[in-house]
Amino acid sequence: DLHEHLMSMIRWTDEEAREKRDGLPLKNLEAGLAGELFLRATRSWKVMKVCNAVGLSKLVAFHSFRSVISSGGLGAIFVPKINIVDYLFGGTVFERIWLFLTKLGFSLQPLASIPLFEIRVLEEVTGEFNTSHRTILKKIINQAQIMFNVSSLCNAKCLMILRIGNSKSIQTFTLRKKVESFLKDK
């Protein structure tokens, strides 16, 4: 589901991005030519599943790993519970951190995969992860709690991991719909 959702949020052409005014323009991901070709090739979950079976997913994970260890720093936002109130509060905190770091001249990249996977496991979405994947995910979450000095006893849930550092200015911006498009007549 997460793969399909991500692919549905990518706007594959400039025309599609301008027309829909939501999602992520492909160039916004700044994946480079190889990354864009990989995303296009693995747009279908069936193709991605084959890539996973032959080990290509390890290359994607290694690329992510390298980007994290080359960062100037990492941060995380933890919330007490998985519920709408804590998510909204966590989102507000995230936005304030992002704006503050931007004001200081730093860049921030949200890394949401691990927290999203944890939520799926906690909500016991069946069939999402096999036993070995659940074991790996639990180990990663435990390591994140140690790294960010969060006691597992407080039962906090990771909402977002943040990669912080210096980078070039973004070249392709996301577009947003006009506020009026969200308003409904009574």
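Rules used in this analysis
- Residues numbered from 1 in each chain as written.
- Predicted model: local features only at pLDDT ≥ 70, side-chain atom pairs only at ≥ 80, totals over all residues.
- Heavy atoms only, no water.
- Helix = DSSP H or I, 4+ residues; strand = E, 2+ residues; numbered from the N terminus.
- Rg over C-alpha atoms; globule rule 2.2 N^0.38 Å.
- Contact = heavy atoms within 4.5 Å.
- Areas by Shrake-Rupley, 256 points an atom, 1.4 Å probe, with all protein chains shown as cover.
- Lys, Arg positive; Asp, Glu negative; His and termini not counted.
- Charge placed at Lys NZ, Arg CZ, Asp CG, Glu CD.
- Axes fitted to C-alpha atoms, helices over the stretch in contact; angles between N-to-C directions.
- Parallel < 35°, antiparallel > 145°, perpendicular 65-115°, else oblique.
- Left-handed = near helix turned anticlockwise from the far one by under 90°.
- Nonpolar A, V, L, I, M, F, W, Y, C, P; charged D, E, K, R; others polar.
- pLDDT = per-residue confidence, 0-100.
- Salt bridge = Lys/Arg side-chain N within 4 Å of Asp/Glu carboxyl O.
- Buried < 20%, exposed > 50% of the residue type's maximum accessible area, 1.4 Å probe, protein only.
- Patch = residues over 30% accessible without salt bridge, like charges linked within 9 Å, V, L, I, M, F, W, Y side chains within 5 Å.

Colleague: I tried to follow the overall build of the protein on my own but got confused; where do I start?
Modeller: Helix and strand counts for the protein come out as 8 helices and 5 strands. The C-alpha radius of gyration computed for the protein amounts to 18 Å, which stays within 12% of the reference 16 Å derived for 186 residues, consistent with globular compactness. The principal-axis extents of the C-alpha atoms in the protein amount to approximately 50 × 45 × 40 Å. Look at the contacts in the protein between residues 6 or more apart in sequence, and 69% of them connect residues 24 or more apart. Counting only carbon and sulfur atoms, one obtains 61% of the accessible surface of the protein, whose full area is about 13600 Å². Across the protein, the mean location of the 26 positive side-chain charges is 5 Å away from that of the 17 negative side-chain charges.

Colleague: It is not clear to me how the packing of helix H7 (residues 113-122) against helix H8 (residues 131-147) should be interpreted in this structure. Could you clarify?
Modeller: To characterise two packed helices, one gives the angle between the axes of the helices and the distance between these axes. In the contact formed by H7 and H8, the axes pass within 10 Å of each other and the chain directions differ by 120°. When the axes of H7 and H8 are compared, the pair comes out oblique. In this structure, the crossing between H7 and H8 has a hand that is left-handed. Where H7 abuts H8, its residues Ile 114, Phe 117, Glu 118 and Val 121 lie against Arg 134, Leu 137, Ile 140 and Ile 141. Among the residues forming the contact of H7 with H8, the class breakdown is 6 nonpolar, no polar and 2 charged.

Colleague: So what exactly am I meant to see when it comes to the confidence of the model for the protein here?
Modeller: Residues shown with low pLDDT carry predicted positions that ought not to be read at fine detail. Per-chain confidence: the protein averages 87 in pLDDT, with 96% of residues scoring 70 or above. Averaged pLDDT values over the elements of the protein bottom out at 80 in H7 and peak at 96 in strand E1 (residues 10-11).

Colleague: Is there a simple way to think about the pattern of salt bridges in this case?
Modeller: When their charged atoms lie close together, side chains carrying opposite charge are able to pair. A complete count under the given rule lists 5 salt bridges for this structure. Among the salt bridges present, the one from Glu 16 reaches Lys 20, with a minimum N-O distance of 3.6 Å. A residue pair is termed a helical-turn pair when its members lie 3 or 4 positions apart in one helix, as Glu 16 and Lys 20 do in helix H2 (residues 14-20) at 4 residues. Exposure remark for Lys 20: the relative accessible area of 37% places this residue in the partly exposed category.

Colleague: Honestly, a nonpolar patch on the surface in this entry has me stumped. Any pointers?
Modeller: There is a patch of nonpolar side chains on the surface, built from Val 50, Val 54, Leu 56 and Leu 59 and spanning about 380 Å² of accessible area. Note on Leu 56: relative accessible area 31%, which makes it partly exposed.

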